[in-house]
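Here is what each chain is made of, one letter per residue.
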Amino acid sequence: MTTDKKETAASDFIRAIIAKDLRNNKNNGRVVTRFPPEPNGFLHIGHAKSICLNFGIARENPGGVCHLRFDDTNPSKEEDAYVQAIQNDVKWLGFDWGDKLFYASNYFNQLYEYAVKLINMGKAYICSLSAEEIRQYRGTLTEPGKDSPYRNRSIEENLDLFSRMRAGEFAEGSHILRAKIDMSSGNLNMRDPAIYRILKVSHHRTGDKWCIYPMYDFAHCLSDSIENITHSLCTLEFEDHRPLYDWFLDVLKVHHPQQIEFARLNLDYTVMSKRKLMQLVDGGYVKGWDDPRMLTISGLRRRGYTPTAIRNFCRTIGIAKRENRIDMTVLENSIRDDLNVLAKRVMGVLKPLKIIIENYPEDQEEMLEVANHPKNPEMGSRMVPFCREIYVEHDDFMEEPPKKFFRLGPGREVRLRSAYFITCTRVIKDDNGLVVELRCTYDPASKGGSSPDGRKVKGTMHWVSARHGVRAEINLYDRLFTVENPESDKDKDFKEFLNPGSLVTLKDCIVEPSAAAINPGQQVQFERQGYFCLDSTSKQDNIIFNRIVTLRDTWTKIRKKQGVKQ
RNA sequence: UGGGGCGUCGUCAAGUGGUAAGACACAAGACUUUGACUCUUGCAUUCGUAGGUUCGAAUCCUGCCGCCCCAGCCA
């Protein structure tokens, strides 16, 4: 079952370009895209945008394919554990690369040959300036750079030096292969960019075979070309790199994919870069890459998000070139939409308040039938135990109820969902004056939740039998940061805006027996509270739920408004 | 005094010369054994701004303003 919104076909400027190319038979009618992550961290919701775009386009076009290619040209940052996690995440999101799994490192030999070819064409040279000197020679944003004194080495010397770089004869940083383009270009990327650097680091796939590694600009365009990619989609910050992407392919006269850039995703109240997410993980601010507060794919999965919800979210936000910052409510809405249809309803009390129903026989217990879904009878019903002692939500009782509060209060009558009407007769407090227990009476005629005399009660509350309920721990998650854009303050580190209340663990929640029996990974709705799932660390004797998202809460809004007025 | 982008509702986003889609948010109301869901209604005489072309401009032209990205041997 799925709630994918296919009826609204995605349409954006990239798909428009591709459709036009197809009409003009530009690539013999082929569409080949690729998703090219660097295996240096976990995928996040921003990557999901790119995954949905690239794999989505491939899926939408007959014969379209999307490659998964690991852009592993910097072994000092990359690990095999990340390539495994990334594959897992892409699959989980619902996409399939078939046999099109590649690595830039697969092409190291070819890339090396292309570099040699460039040298032979007089289009690349070995520069022996230090990193610092290269920076100085590069010029500034407003001033042109200067030619390297090594720029006019002979082809023979360049060839010799390059092969010796490869052979490991030189120290890191002593030499570098550069493209010979234009040191006065207004585009810094064209000022003789680095192509190969010496890195005496072993690579997660090629081991110690190489001690020189190609740079992104060189490796990426050629990898695209080698794989016969037709449309190479990337984010806006690579716009400046496109002339270089084109330069390599034009000079080498090889298949030339079209690079198209789109705006990356920004979401309220979070950060969206692998570097920053890594800081949160490494600094212990969260409990790993899959911490449910993290907007990583694995974090969202553990939190209880569905692939469908994430895909729908990506469709909703669209693809364009302007900078954007999406409301968190859009993401939340996408999971509510999906789970509203799919999730079984159960009852669970987060902050228990005990009620003793004084006119309910002490030794009586009964099973009450409760529907699993209010709109979908096919989801059936279950039997829920009821007895004289029950728990209700502490927040559902107020000793002095304000206007419009239609839950429980002294002398008030409410409905217990699918059970009975009860009336509060007495409030019991502890020494500090805190309400610790309620005494009520019930109306036996109201069994099932309606009264034969037709009288109305405004409030309906969830409840759990105290004798039968199962104790559970529940993690309530809130946004990770307290401000919309934690990265906007240039004087403060983004971590200063971490929300101390982003995780609140409730240890003494009580849930109905059937809730405790759900499968890991299955989502349920605790009525009136929100959507939850079992955490991956949940055990039979220590049940742990994660709150995925709350239900929309009009009452809280009303209360806040009343608060403002007072 | 460099180069590259972008400016349409609070937030996203359609629109590509014919008179401003949709989504989220928000507001009002209906329904309701979840204050949920669902439903109804409202929400840009206006498209950064000033001119120009045109019968007609968010769409074409010009000037101006604002915002973002680029000086890794990261991707």
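Residues numbered from 1 in each chain as written. Chains lettered and ligands numbered in written order. Predicted model: local features only at pLDDT ≥ 70, side-chain atom pairs only at ≥ 80, totals over all residues. Heavy atoms only, no water.

### Re the overall build of chain A
Then, number 1: A count of helices and strands for chain A gives 14 helices and 25 strands.
Then, number 2: The C-alpha atoms of chain A give a radius of gyration of 31 Å, which is well past the 24 Å a tight globule of 566 residues would have.
Then, number 3: Residue burial in chain A is summarised as follows: out of 566 residues, 53% are buried.
Then, number 4: Counting contacts in chain A only where the partners sit at least 6 residues apart, residues at least 24 apart contribute 72% of the total.
Then, number 5: When the accessible surface of chain A is totalled, it reaches about 25,900 Å², and 48% of it is carbon and sulfur.
Then, number 6: Side chains of chain A give 83 positive and 78 negative charges; the mean places of these two sets differ by 4 Å. (Helix = DSSP H or I, 4+ residues; strand = E, 2+ residues; numbered from the N terminus. Rg over C-alpha atoms; globule rule 2.2 N^0.38 Å. Buried < 20%, exposed > 50% of the residue type's maximum accessible area, 1.4 Å probe, protein only. Contact = heavy atoms within 4.5 Å. Areas by Shrake-Rupley, 256 points an atom, 1.4 Å probe, with all protein chains shown as cover. Lys, Arg positive; Asp, Glu negative; His and termini not counted. Charge placed at Lys NZ, Arg CZ, Asp CG, Glu CD.)

### A short note on the layout of surface pockets
Then, number 1: Here the second largest pocket is characterised by a volume of approximately 990 Å³.
Then, number 2: Around the second largest pocket sit 31 residues that line it, and Glu38, His47, Glu237, Phe238 and Lys274 are the ones nearest its centre.
Then, number 3: Of all the elements in the fold, those that place two or more residues in the lining of the second largest pocket are strand 1 (32-35), helix 2 (45-60), helix 7 (216-226), strand 8 (231-235) and helix 9 (274-282).
Then, number 4: When residues of the lining of the second largest pocket are assigned to their parent elements, the largest contribution, four residues, is made by helix 2.
Then, number 5: Along the lines of polarity and charge, the residues of the lining of the second largest pocket split into 12 nonpolar, 10 polar and nine charged. (1 Å grid on protein atoms, 1.4 Å probe; cavity = no way out; pocket = protein on both sides within 12 Å on 5 of 7 lines; lining within 4 Å. Points joined across faces, edges and corners; volume = space filled by probe spheres on them. Nonpolar A, V, L, I, M, F, W, Y, C, P; charged D, E, K, R; others polar.)

### What about the side chain of Glu78?
Then, number 1: Within the fold, Glu78 resides in the loop between strand 2 (65-70) and helix 3 (80-92).
Then, number 2: Salt bridges are absent for the buried Glu78, whose nearest opposite-charge side chain, Arg197, sits at 7.0 Å.
Then, number 3: Among the polar contacts made by the side chain of Glu78, one reaches the main-chain amide nitrogen of Thr73 at a distance of 3.5 Å.
Then, number 4: Polar contacts involving the side chain of Glu78 include one to the main-chain amide nitrogen of Asn74, which spans 3.0 Å. (Salt bridge = Lys/Arg side-chain N within 4 Å of Asp/Glu carboxyl O. Polar contact = N/O pair within 3.5 Å; in protein donor to acceptor, adjacent residues only side chain to side chain.)

### Quick word on the pattern of salt bridges
Then, number 1: The final tally for this structure, using the stated rule, is 42 salt bridges.
Then, number 2: Notably, a salt bridge pairs Arg69 with Glu227, separated by 3.0 Å at the nearest N-O pair. Here Arg69 is found in strand 2, whereas its partner Glu227 is found in the loop between helix 7 and strand 8, with 158 residues between them in sequence. As far as the burial class goes, Arg69 and Glu227 line up, both buried.
Then, number 3: The shortest N-O distance in the salt bridge between Lys447 and Glu366 comes to 2.9 Å.

### With respect to the sheet that holds strand 6 (residues 194-198)
Then, number 1: Across the sheet, four strands lie side by side as 4-5-6-7; this open sheet has antiparallel pairing. Lying at the two open borders of the sheet, with one neighbouring strand each, are strand 4 (124-127) and strand 7 (212-214). Here the strands of the sheet are splayed against their neighbours by 20° on average, with no regard to which way each runs.
Then, number 2: Pairing between strand 5 (residues 176-179) and strand 6: three bridges, direction antiparallel. (Pairing = 2+ DSSP bridges. Axes fitted to C-alpha atoms, helices over the stretch in contact; angles between N-to-C directions.)

### Describing the packing of aromatic side chains
Each aromatic ring pair is characterised by the separation of its centres together with the angle its planes make.
Then, number 1: Counting across every chain of the model gives 24 aromatic pairs.
Then, number 2: Ring geometry for Tyr216 versus Phe238: centroids 5.1 Å apart, planes at 35°, classification tilted. One end of the pair, Tyr216, is in helix 7; the other, Phe238, is in the loop between strand 8 and helix 8 (242-252), with 22 residues separating them in the sequence.
Then, number 3: Ring plane angle 70° and centroid distance 5.1 Å describe the contact between Phe526 and Phe545, whose orientation is recorded as edge-to-face. Of this pair, Phe526 sits in strand 23 (residues 523-526) while Phe545 sits in strand 25 (residues 544-550); the two residues are 19 residues apart in sequence, bridging distant segments of the chain. (Phe/Tyr/Trp six-rings, centres within 6.5 Å; stacked < 30°, edge-to-face > 60°.)

### A look at the protein's contact with RNA strand B
Then, number 1: Taken together, 68 residues surround RNA strand B, and among them Lys375, Arg407, Gly448, Arg552 and Thr554 come closest.
Then, number 2: The sugar-phosphate backbone supplies 61% of the atoms of RNA strand B found within 4 Å of the protein.
Then, number 3: Lys404 is positioned with one of its backbone polar atoms (N or O) 2.6 Å from a base nitrogen of RNA strand B.
Then, number 4: Measuring from a base oxygen of RNA strand B, one finds a backbone N or O atom of Arg528 at 2.8 Å.
Then, number 5: For the surface near RNA strand B, the secondary structure elements donating two or more residues are helix 5 (131-137), strand 6, helix 11 (307-317), helix 12 (328-342) and helix 14 (554-565).
Then, number 6: Counted by class, the surface near RNA strand B contains 21 nonpolar, 21 polar and 26 charged residues. (Near = heavy atom within 4 Å.)

### Points about the pairing of strand 1
Then, number 1: In strand 1, alternate side chains face the same way, and those of Val32 and Arg34 on one face and Thr33 and Phe35 on the other are all buried.
Then, number 2: Where strand 1 meets strand 2, four bridges bridge the pair, whose relative direction is parallel. Bridging from a neighbouring strand, Phe35 pairs with Leu68 of strand 2.
Then, number 3: Regarding the hand of the β-α-β motif, the stretch spanning strand 1, helix 2 and strand 2 is right-handed. (Right-handed = clockwise from strand over helix to strand, strands pointing away.)

### Observations regarding the state of the cysteines
Then, number 1: If you walk through the whole model with that rule in mind, you get zero disulfides.
Then, number 2: There is no disulfide at Cys66, and the cysteine sulfur nearest it, in Cys52, is 11 Å away.
Then, number 3: Here Cys440 is not cross-linked by a disulfide; its sulfur's nearest cysteine counterpart is in Cys424, at 4.7 Å. (Disulfide = S-S within 2.5 Å.)

### Section: the nonpolar core
Then, number 1: In terms of nonpolar packing, the biggest core is built from 41 residues, with Ile45, Val90, Leu267 and Phe313 touching the most fellow members.
Then, number 2: Those elements that place two or more of their residues in this core are helix 2, strand 2, helix 3, helix 10 (297-303), helix 11, helix 12, strand 24 (530-534) and strand 25.
Then, number 3: Tallying contributions element by element places helix 2 first for this core, with six residues.
Then, number 4: Residue assignment places this core across two domains, with domain 1 (13-105 + 219-328) and domain 4 (471-561) each supplying three or more.
Then, number 5: Contacts of Ile45, omitting those with residues within four sequence positions, involve Leu265, Leu267, Met272, Leu295, Ile297, Leu300, Ile310 and Phe313. (Core = buried A, V, L, I, M, F, W, Y, C linked by side-chain atoms within 4.5 Å. Domains from an automatic or database assignment.)

### Details of a positive patch on the surface
Then, number 1: Taken together, the side chains of Lys403, Lys404, Arg552, Lys557 and Lys561 present a region of like positive charge at the surface.
Then, number 2: Along the chain, Arg552 turns up in the loop between strand 25 and helix 14.
Then, number 3: Arg552 gets classed as exposed once you look at its relative accessible area, which sits at 61%. (Patch = residues over 30% accessible without salt bridge, like charges linked within 9 Å, V, L, I, M, F, W, Y side chains within 5 Å.)

### Here's the deal with the confidence of the model for chain A
Close inspection of predicted coordinates is inappropriate for parts of the model with low pLDDT.
Then, number 1: Here chain A averages 96 in pLDDT, and 98% of its residues register 70 or above.
Then, number 2: Across the whole predicted complex the pTM is 0.96, and at the interface the ipTM reaches 0.96. (pLDDT = per-residue confidence, 0-100.)

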